[in-house]
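Residues per chain are reported as follows:
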Amino acid sequence: MRHELMDRLRVISEEEQKILDGMTEVDRELYTNGKDFTVDSKKMLEKGELIAVRTHTRFIRFPLHRHNYIEVIYVCRGKLVNVIDGQQITVRAGELLFLNQYTRHELLPAGADDIAINLMILPEFFDMACNMTGSRNVLVDFLANMLRRDEERGEYLHFKVSDVLQIQNLMENIIYSLVMGTGGQDRINQTTMGLIFLYLLDSVQYVKTKLPNQYENMIAMTSLDYIEQNYRTATLTELCGELHLPMHTLSKMIRKSTGYNFKELLQRKRLNKAIELMCDTDLSINDIIAAVGYENNSYFHRMFRERYQMTPREFRIRNRSEEKVRI
């Protein structure tokens with residue numbers, strides 16, 4: 001890692017200085033407003049951000065907590081010890097640990113030379129990465145489960161990829177962009193993360209994982225793949241026929257695995273595709289509505305406003321003026 005970036009990451013933060021001066025516990029108000037120690041994305045990310053980065057707080061035990069976002073830990077130097085379900089997971093230099101939403105964990109004190117990065121990521125950030133990876137595998141299975149809202153299964157993926165130079169270079173690029181950059185690089189960072197995933201998929205022999213029931217996971221991924229391929233015409237009835245499952249059984253499994261029902265997942269896919277067409281083409285809004293499978297224009301406009309708090313036309317104008325894509 002280039003010296004200027006490592007020098008920036010090594011700097012003692014204001015919080016760390018207080019710890020060195022005698023503070024014996026982390027200041028929870030920096031992370032949450034609630035009694036339950038759930039680190040809040042609203043505290044950690046600016047409004048409109050899909051991803052942010054911070055250096056891990058050293059010199060103190062970080063107590064049992066969870067997050068309402070996805071956390072990716074990357075160790076630049078030294079090591080970082082997580083405790084998940086009573087098991088110690090040691091992440092060493094060059095390794096990556098993906099923690100699902102609401103996975104409870106604690107961290108043992110890190111020393112001055114233990115430099116780790118916390119990437120704080122909202123699930124929407126991964127849409128491009130999922131599109132780039134495509135096929136079913138342990139990582140895409142995990143990403144599907146990230147859609148869950150508030151289940152606690154202690155899921156994680158630990159990639160021991162310190163010898164994979166491409167991953168190291170891409171991680172340095174995304175950290176440099178977030179730490180030293182000027183902002184406005186969401187699209188570049190999403191693409192970089194997608195490339196990281198592609199290399200991780202070739203490195204599954206190095207992964208240690210804890211995932212839920214594999215059969216349920218397979219059904220969820222098959223359902224998501226069906227929506228991905230058939231979002232214009234997809235129906236739950238047709239999917240039940242393909243999987244030979246009763247509608248109530250399939251509906252329950254989809255909800256359990258993803259946190260959403262079939263209709264909500266289909267809605268999400270159609271709106272994401274509409275956003276893509278708004279940003280990358282000059283098609284009219286009405287043509288886009290038809291292209292993504294909506295037959296009722298008024299219904300599309302209502303759903304769009306509920307999700308984005310603006311009309312499709314307002315979104316397109318704002319996106320073009322800011323040259324940003326908000327998936």
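Look a little higher up for the structure.
Reading the values: rules and limits
Residues numbered from 1 in each chain as written. Predicted model: local features only at pLDDT ≥ 70, side-chain atom pairs only at ≥ 80, totals over all residues. Heavy atoms only, no water. Helix = DSSP H or I, 4+ residues; strand = E, 2+ residues; numbered from the N terminus. Expected span 1.5 Å × (residues − 1). Buried < 20%, exposed > 50% of the residue type's maximum accessible area, 1.4 Å probe, protein only. Polar contact = N/O pair within 3.5 Å; in protein donor to acceptor, adjacent residues only side chain to side chain. Salt bridge = Lys/Arg side-chain N within 4 Å of Asp/Glu carboxyl O.

Compared with the 27 Å implied by 1.5 Å per residue over 19 residues, the 27 Å span of helix α11 (residues 262–280) between its first and last C-alpha is a close match. With 15 of its 19 residues buried, α11 lies for the most part within the structure. The opening residue of α11, the one whose side-chain oxygen lies 3.2 Å from the backbone nitrogen of Lys 263, is Asn 261.

Evaluated as defined, the whole model comprises 11 salt bridges. The closest approach of N and O atoms between Arg 61 and Glu 106, which form a salt bridge, is 2.9 Å. With Arg 61 in the loop between β2 (51–55) and β3 (62–67) and Glu 106 in strand β8 (residues 105–107), this pair connects stretches of sequence that are 45 residues apart. Owing to a relative accessible area of 41%, Arg 61 belongs among the partly exposed residues under this scheme. Here Arg 255 makes a salt bridge to Glu 264, at a shortest N to O gap of 3.2 Å. The structure contains a network of salt bridges with shared partners spanning Asp 36, Arg 66 and Arg 104.

To continue, consider the environment of Arg 268. By the secondary structure assignment, Arg 268 is in helix α11. A relative accessible area of 13% places Arg 268 in the buried class. Considering only alpha carbons, one finds Arg 268 and Ile 227, 41 residues apart in sequence, at a separation of 9.9 Å.

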